Amino acid sequence: QGVGDMEPSNSSLDNTCFGVFNASPSPNASQAGITSPWFSTTFGLIGLCSNLFALCVLLSSSRQLSSRTRSSFLVFLCGLVVTDFMGLLVTASVIIPYHFIKFTWAQVDPSCHLCNFLGFSMVFFGQCPLLLGATMAGERFFGINHPFSRSTSISKRRAWSIVGLVWGFSCLLGLLPVLGLGRYTLQFPGSWCFLTLLPDTGDTIFCLLFALLGIFSVLLSFIFNTVSVVTLCRVYHDRESVQRRRDSEVEMMVQLVGIMIIATICWMPLLIFIVQTVLQQLRAGGQLQVLPGETQKMLLIYIRMVTWNQILDPWVYILFRRAVLQRVSPSLRPRPSLPSLYPVLNPSLGCKLTRD
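Residues numbered from 1 in each chain as written. Predicted model: local features only at pLDDT ≥ 70, side-chain atom pairs only at ≥ 80, totals over all residues. Heavy atoms only, no water.

So, helix 9 (residues 293–319)
Phase 1: An ideal rise of 1.5 Å per residue puts 39 Å on 27 residues; helix 9 measures up with 40 Å between its terminal C-alpha atoms.
Phase 2: The largest bend in helix 9 is about 30°, located at Ile-311, with the proline Pro-314 one to four residues further on. (Helix = DSSP H or I, 4+ residues; strand = E, 2+ residues; numbered from the N terminus. Expected span 1.5 Å × (residues − 1). Bend = angle between axes of the 7 residues up to and from the residue.)

Re the UniProt feature "transmembrane region" (unreviewed entry) in the protein
Phase 1: Under the UniProt annotation, "transmembrane region" (unreviewed entry) lies at residues 38–61, 73–98, 118–138, 159–185, 205–233 and 254–279.
Phase 2: For residues 205–233, the end-to-end C-alpha separation is 42 Å, with 100% helix and 0% strand making up the annotated structure.
Phase 3: Its end C-alpha atoms 36 Å apart, residues 254–279 is made of 100% helix and 0% strand. (UniProt positions renumbered as here; feature names shortened; annotations may be inferred.)

Remarks on a nonpolar patch on the surface
Phase 1: On the surface, a cluster of nonpolar side chains totalling about 370 Å² of accessible area is made up of Phe-53, Trp-315, Leu-319 and Phe-320.
Phase 2: By relative accessible area, which is 46% here, Leu-319 ends up partly exposed. (Patch = residues over 30% accessible without salt bridge, like charges linked within 9 Å, V, L, I, M, F, W, Y side chains within 5 Å. Areas by Shrake-Rupley, 256 points an atom, 1.4 Å probe, with all protein chains shown as cover. Salt bridge = Lys/Arg side-chain N within 4 Å of Asp/Glu carboxyl O. Buried < 20%, exposed > 50% of the residue type's maximum accessible area, 1.4 Å probe, protein only.)

Observations concerning the state of the cysteines
Covalent bonding between the sulfur atoms of two cysteines defines a disulfide.
Phase 1: Within the structure shown, the criterion is met by two disulfides.
Phase 2: With its sulfur 2.1 Å from that of its partner, Cys-17 forms a disulfide with Cys-112. Taking the torsion about the S-S bond as the criterion, the Cys-17 to Cys-112 disulfide, at about -95°, is left-handed. Of this pair, Cys-17 sits in the segment before helix 1 (29–34) while Cys-112 sits in the loop between helix 4 (105–108) and helix 5 (113–145), placing them 95 residues apart in sequence.
Phase 3: Given a relative accessible area of 2%, Cys-17 falls into the buried group.
Phase 4: In this model, Cys-115 is linked to Cys-193 through a disulfide, with the two sulfur atoms separated by 2.0 Å. The sign of the S-S torsion, about -120°, decides the handedness of the disulfide formed by Cys-115 and Cys-193: left-handed. Within this pair, whereas Cys-115 is found in helix 5, its partner Cys-193 is found in strand 2 (residues 192–195), the two being separated by 78 residues in sequence.
Phase 5: A residue is classified by how much of its surface remains accessible, and Cys-115, at 0% relative accessible area, is buried.
Phase 6: When its relative accessible area of 0% is taken as the criterion, Cys-193 is described as buried. (Disulfide = S-S within 2.5 Å.)

Quick word on the pairing of strand 1 (residues 184–187)
Phase 1: Of the pairings in the sheet, the one linking strand 1 to strand 2 comprises four bridges and is antiparallel in character. Bridge pairing links Tyr-184 to Leu-195 in strand 2.
Phase 2: Connecting strand 1 to the next strand, strand 2, in antiparallel fashion are four residues, including Gly-190 with a positive phi near 100°. (Pairing = 2+ DSSP bridges.)

Things to note about the nonpolar core
Phase 1: Trp-105, Trp-192, Phe-194, Leu-197, Phe-210 and Ile-274 are the most contacted members of the largest nonpolar core, which has 79 residues in total.
Phase 2: Looking at this core, the element that brings in the most residues is helix 8 (residues 247–284), giving 15 residues.
Phase 3: The residues touching Trp-192, leaving out its near neighbours within four places in the chain, are Ile-95, Leu-118, Met-122, Thr-185, Leu-186, Gln-187, Leu-299, Leu-300 and Ile-303. (Core = buried A, V, L, I, M, F, W, Y, C linked by side-chain atoms within 4.5 Å. Contact = heavy atoms within 4.5 Å.)

As for the environment of Thr-91
Phase 1: By the element assignment, Thr-91 lies in helix 3 (residues 68–101).
Phase 2: Put simply, Thr-91 and Leu-118 are 27 residues apart on the chain and 6.5 Å apart in space, counted from C-alpha to C-alpha.
Phase 3: Ignoring sequence-local partners within four residues, the contact set of Thr-91 consists of Leu-118, Ser-121 and Met-122.

Some thoughts on the environment of Leu-300
Phase 1: The residue Leu-300 is located in helix 9 in this model.
Phase 2: A sequence separation of 30 residues divides Leu-300 from Leu-270, and the C-alpha atoms of the two residues are 9.5 Å apart.

Side note on the confidence of the model for the protein
Phase 1: When the pLDDT values of the protein are averaged, the result is 80; 74% of them are 70 or greater.
Phase 2: For the protein, helix 11 (residues 338–341) is the element with the lowest average pLDDT, namely 40, and helix 6 (residues 156–179) is the one with the highest, namely 94.
Phase 3: Every residue in residues 1–14 is under pLDDT 50, and counting partners more than four places away or in other chains gives 35 contacts.
Phase 4: Below a pLDDT of 50 lies the segment residues 239–245, which in the model reaches nine contacts outside its immediate sequence neighbourhood of four places, other chains included. (pLDDT = per-residue confidence, 0-100.)

Given below as structure tokens:
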């Protein structure tokens, strides 16, 4: 669908963003299946509605919370949902119209500004969720394993500052091709732009930087979350702590583990594929000017998988909230605190005993 509309056969286009893949004049049946416009349209609409619904639930929950720790965690979740929503909105606003209008990129965007913007959006909105997931895992790791190393919990303002730093770092990463390191080029079937998997020095460095940074973020999330879950299980089953069930921590860790699992399943195949493709081309020592057809199709399939990350992320929070978990497992219902069991206690003494 739309492959035949691209004709980057002129040698003058080889050094631009239009000469990376071969545009066959008549797509075969397999190409027509994986390049169907209904994939992009359906996934885009479902993802936008899911993230918008999750954002409304987050905003409603944040107004009812008094816990500072939980509030800062909701800020990170809100940053993740906003990132996913904007990523789908920006990319879909270019990709979906292409599938139905079938415009010619070389005519509409001869200077590659739109292609560079779309490629930047793919990298920025792709790397942000991975970095935010690692940041959230790190914050919970220190909050659970070293609760007394910080005088106070992270405030909302500081949490938003951390989210802003993640956005800024991802923005700098996405701007590297614009600054001269690597290129954003049009990808099969001609509806989107992404980093270039060709054996050029700049392209190779940028591809490896993007992929290895994403892999590192996923592995860091896995390490932090694993240690936090083990620590939380020990505290949760401690007899001395039975009156202080850490339901809020359990809820946050369940959501973090869900986000990590989804990111691993959706992102790791693409990131590993990028590393393998680039390293294989370096070992082969070839001077490819056009990506092989099979590489083009596999890249598109892995990008389809990545799209599911933005669709499923909001449902992790929607489905794994404490209110929902308590309906599934009544054992997660909070137990009464010490002051509520013994109201005759002096308030200050009750607070001290509760902290102890």
